[in-house]
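Each chain is listed here by its residues.
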Amino acid sequence: MSKIYPMKQYIISIFAIVLFTNCVTQKEYDKALNDYLNEAIKNKSLAQRLDSTQTDCASKTTKLSEELQKLRSDSTQLADLIESMKKEMDEQVVQFTKSQKEYLQKLKDAGDKNQKTNADLLQMQLDLEKQKIALQQKEADLKKANADLQAREARITELEKLLSQQKTKMEALKEAIMNALTDFSSGELSVYIKDGKVYVSMSDKLLFKSGSTVVESKGVEALGKLAEVIKKNTDILVNVEGHTDNVPYLSSNGCIKDNWDLSLMRASSVLHILIDKYKVMPLQVFASGRGEFSPKESNSTAEGRAANRRTEIILAPKVDKLLDLVNGH
């Protein structure tokens, strides 16, 4: 994932250019700025695609519970059908036994009295064969229905087990994160579970100065404690998601065009600290920016805007096994 967001060298380059403008030509400055902006645009596009993938994954995870409910409903209906088939088969067995007795009695009484009696006996024999075939088919259908019900119940049991394990794991992960971040106040960050994922929501006052994409020292410390938990849970995916309020971003140098760019670059800064400084696996983490378009509170008040200026680190379980089970693999 680090290859997707190689902006660190560009950030360093821009700062160097700003500090030493007198040492470079305008042409060199324009080229460096242009390279940086192109990289930011590329990262923005990739992040949007990754965000779409994460949204799709979240949607599938949400549907797992619905699929479980459907499986339970289908199993109940199948069980009712099996019960009905058993009742019908019992009735058919009774009728077959009765018809067979009548046939044997007529055969005993008839002898060779006349041709009509023999024709009646032949018809009864044909009817008995039809009933026998129908009964055999009913037995086969019932056997198949029972096998289907057992397979469905096995899937339900396995799905319930995996969902329970996932829930337990997320609860334990939340507890571990809260214990790791006890030194930080509720005004600086919050930890909660939503849609089966653990959210670590960090305020901008913990991570960034106004308009900055450089993480403050206290924020770096908090990310370090969080990274230790992440590294112990290599089977989760981590989405670093940047958010802003709806106040338009005003750039002094043109490097950041709007709130969307700002949210993405802040998310990228957090990602690089997790990967570069604290050695979280690059394939485990990706960054995305939502700008002002996913507010937590109303932007009509100062308190609401402050709550919206945040970076959310979302830890989600991999759902490959669950999806394979739902899809029948």
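It should be emphasised that the depicted structure is a prediction, and the values quoted were computed from it without experimental measurement. (Residues numbered from 1 in each chain as written. Predicted model: local features only at pLDDT ≥ 70, side-chain atom pairs only at ≥ 80, totals over all residues. Heavy atoms only, no water.)

Details of the overall build of the protein
Then comes step 1: In terms of regular secondary structure, the protein is built from eight helices and five strands.
Then comes step 2: Across the 329 residues that make up the protein, the buried fraction comes to 39%.
Then comes step 3: Within the protein, counting contacts between residues at least 6 apart in sequence, those at least 24 apart form 76% of the total.
Then comes step 4: Accessible area for the protein stands at about 19000 Å²; split by element, carbon and sulfur atoms hold 53% of it. (Helix = DSSP H or I, 4+ residues; strand = E, 2+ residues; numbered from the N terminus. Buried < 20%, exposed > 50% of the residue type's maximum accessible area, 1.4 Å probe, protein only. Contact = heavy atoms within 4.5 Å. Areas by Shrake-Rupley, 256 points an atom, 1.4 Å probe, with all protein chains shown as cover.)

Observations regarding the sheet that holds strand E1 (residues 189–194)
Then comes step 1: Read across the open sheet, the five strands follow the order E1-E2-E5-E3-E4; overall the sheet is mixed. Strand pairing shows two members of the sheet lacking a second neighbour, E1 and strand E4 (285–289), which therefore form its edges. Between one strand axis and the next, the sheet turns by 20 degrees as a mean value, whatever way the strands run.
Then comes step 2: With six bridges joining them, E1 and strand E2 (residues 197–203) adopt antiparallel strand pairing. Among the inter-strand pairings, Ile193 is bridged to a residue of E2, identified as Val198.
Then comes step 3: Sheet strands touched by helix H5 (residues 217–231): E2, strand E3 (236–243) and strand E5 (310–317). Its angle to E2, the strand with the most contacts, is close to 170 degrees.
Then comes step 4: Its contacts with the sheet put helix H6 (residues 259–277) on E3, E4 and E5, and the angle it makes with E4 is roughly 165 degrees. (Pairing = 2+ DSSP bridges. Axes fitted to C-alpha atoms, helices over the stretch in contact; angles between N-to-C directions.)

Re the nonpolar core
Then comes step 1: Of all hydrophobic cores here, the largest spans 36 residues; its most connected members are Ile177, Val200, Met202, Leu223, Val270, Ile313 and Leu315.
Then comes step 2: No other element matches H5, which puts seven residues into this core.
Then comes step 3: Counting eight residues, the second largest nonpolar core, distinct from the first, contains Leu78, Met89, Leu142 and Ala145. (Core = buried A, V, L, I, M, F, W, Y, C linked by side-chain atoms within 4.5 Å.)

Focus on H5
Side chains of residues three or four places apart in an α-helix project in the same direction, reflecting 3.6 residues per turn.
Then comes step 1: Relative to the 21 Å expected for 15 residues at 1.5 Å per residue, H5 spans 21 Å between its end C-alpha atoms, a close match to the ideal helical length.
Then comes step 2: Where H5 is concerned, the buried positions are Gly219, Val220, Ala222, Leu223, Gly224, Leu226, Ala227, Val229 and Ile230. (Expected span 1.5 Å × (residues − 1).)

Topic: H6
Then comes step 1: Taking 1.5 Å as the rise per residue, H6 with 19 residues should run 27 Å; its terminal C-alpha atoms sit 26 Å apart, in good agreement.
Then comes step 2: Of all 19 residues making up H6, 16 are buried, and the element is well covered by its neighbours.
Then comes step 3: In this structure Asp258 caps H6, since a side-chain oxygen of it lies 3.2 Å from the backbone nitrogen of Trp260. (Polar contact = N/O pair within 3.5 Å; in protein donor to acceptor, adjacent residues only side chain to side chain.)

A look at the pattern of salt bridges
It is possible for side chains bearing opposite charge to pair when their charged atoms get close.
Then comes step 1: For the structure on display, the rule yields eight salt bridges.
Then comes step 2: Here Asp235 makes a salt bridge to Lys169, at a shortest N to O gap of 3.4 Å. Note that Asp235 is positioned in the loop between H5 and E3 and Lys169 in helix H3 (residues 115–180), a separation of 66 residues in sequence.
Then comes step 3: Classification of Asp235 by relative accessible area gives partly exposed; the value is 39%. (Salt bridge = Lys/Arg side-chain N within 4 Å of Asp/Glu carboxyl O.)

Here's the deal with the confidence of the model for the protein
Then comes step 1: Mean pLDDT over the protein stands at 80; residues scoring 70 or higher make up 71%.
Then comes step 2: Overall, residues 1–24 carries pLDDT values under 50, and its contacts beyond four positions in sequence, including any with other chains, amount to 40 contacts. (pLDDT = per-residue confidence, 0-100.)

Thoughts on the packing of aromatic side chains
Then comes step 1: Evaluation of the coordinates by the stated rule reveals two aromatic pairs.
Then comes step 2: Summarising the aromatic geometry, the rings of Tyr192 and Tyr199 are spaced 5.3 Å apart at their centres and angled 10 degrees between planes, so their arrangement reads as stacked.
Then comes step 3: Seen from their ring centres, Trp260 and Phe293 are 5.2 Å apart, and the 50 degrees between their planes marks the pair as tilted. Taken together, the positions of Trp260 in helix H6 and Phe293 in the loop between E4 and helix H7 (302–308) put the pair 33 residues apart, joining distant regions of the chain.
Then comes step 4: Its relative accessible area of 57% is what places Phe293 among the exposed residues.
Then comes step 5: Between the NZ or CZ atom of Lys194 and the centre of the ring of Tyr199, over which it lies, the distance is 5.9 Å. (Phe/Tyr/Trp six-rings, centres within 6.5 Å; stacked < 30°, edge-to-face > 60°. Lys NZ or Arg CZ within 6 Å of the ring centre and 35° of its normal.)

What about the packing of H5 against H6?
Then comes step 1: Close contact between H5 and H6 brings their axes to 10 Å; oriented N to C, the two are set at 55 degrees. On the basis of the axis angle, H5 is oblique to H6. Of the two elements, H5 crosses H6, and the hand of that crossing is right-handed. Where H5 approaches H6, its residues Val220, Leu223 and Ala227 are matched on the opposing element by Val270, Ile273, Leu274 and Lys277. (Parallel < 35°, antiparallel > 145°, perpendicular 65-115°, else oblique. Left-handed = near helix turned anticlockwise from the far one by under 90°.)

What to know about the side chain of Thr311
Then comes step 1: Here Thr311 lies in strand E5.
Then comes step 2: Exposure remark for Thr311: the relative accessible area of 3% places this residue in the buried category.
Then comes step 3: If we ignore the near neighbours within four places in the chain, the residues touching Thr311 are Val200, Ser201, Met202, Leu207, Phe208, Val240, Glu241 and Val270.

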